[in-house]
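Descriptive structure summary
Residue strings, one per chain:
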Amino acid sequence: MTPELKILFDRARDAQAKAYAPYSRFQVGAALRAASGAVHAGCNVENAAYPVGACAEAGAISAMLLAGDRQIAEILVIGDGPELCTPCGACRQRLREFSADTMMVHVAGPEGLRRSFSLGSLLPHSFGPDNLA
Ligand code: THU
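Everything in this summary refers to the structure shown in the same document. (Residues numbered from 1 in each chain as written. Predicted model: local features only at pLDDT ≥ 70, side-chain atom pairs only at ≥ 80, totals over all residues. Heavy atoms only, no water.)

1. Points about the sheet that holds strand S3 (residues 72-79)
Sheet architecture is open: five strands sit in the order S2-S1-S3-S4-S5, paired in mixed fashion. In the strand order of this sheet, the two ends are held by strand S2 (39-43) and strand S5 (112-118), each with one partner. Neighbour to neighbour, the strand axes of the sheet diverge by 20° on average, direction disregarded. Pairing of strand S1 (residues 28-34) with S3, which is carried by seven bridges, proceeds in the antiparallel orientation. In the strand pairing of S3, Leu32 is matched with Ile75. On top of the sheet, helix H1 (residues 3-18) reaches S1, S2, S3, strand S4 (104-109) and S5; it is set at about 50° to S3, its chief contact. (Pairing = 2+ DSSP bridges. Helix = DSSP H or I, 4+ residues; strand = E, 2+ residues; numbered from the N terminus. Axes fitted to C-alpha atoms, helices over the stretch in contact; angles between N-to-C directions. Contact = heavy atoms within 4.5 Å.)

2. Let's talk about the site of the ligand
If you check the shell around the ligand, you find Ser24, Phe26, Val28, Asn44, Glu46, Cys55, Ala56, Glu57, Thr86, Pro87 and Cys88 and nothing else. For the ligand, an oxygen atom lies 2.6 Å from a polar atom in the side chain of Glu46. Within the backbone of Ala56, one N or O atom sits 2.9 Å away from an oxygen atom of the ligand. Calculation on the ligand without its partners gives an accessible area of 380 Å², and the protein chains cover 76% of this total. Among the detected pockets, the ligand sits in the largest pocket. Residues belonging to the shell around the ligand are distributed by class as follows: six nonpolar, three polar and two charged. (Near = heavy atom within 4 Å. Polar contact = N/O pair within 3.5 Å; in protein donor to acceptor, adjacent residues only side chain to side chain. Areas by Shrake-Rupley, 256 points an atom, 1.4 Å probe, with all protein chains shown as cover. 1 Å grid on protein atoms, 1.4 Å probe; cavity = no way out; pocket = protein on both sides within 12 Å on 5 of 7 lines; lining within 4 Å. Sits in = over half its atoms within 2 Å of the grid points. Nonpolar A, V, L, I, M, F, W, Y, C, P; charged D, E, K, R; others polar.)

Structural data, given as structure tokens:
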């Protein structure tokens, strides 16, 4: 793992440990590096009214905007279990709003990095801000 990815991994793991997921018991952490170089993290926040729950990626995007950043350079998402914790469909679209097709989405488990994807490969032929320009 590169030093830059290790920083994202550590921040995402810290966020994962703070996730509020009493219903699914599936804690997720996300850490993104903005174009400015700053790192912003988020965790999933579930709710007794299930559909109201929020994903870790949404929290990281919110933290990014609060800090004044608008462009995602790369993101790392961490979840437990044997499967890849790739962003859900809605989060792929959320990421698309602030990222190029080439933005890298790194997927990690407790042991480290598992796989990396471009956002364009996860959300091909996407609809984005340019469509409304
Ligand atoms: N979840 C995330 O936070 N991000 C993902 O990329 C996948 C799923 C959350 C939503 C829910 O709180 C829990 O994981 C189980 O779906």
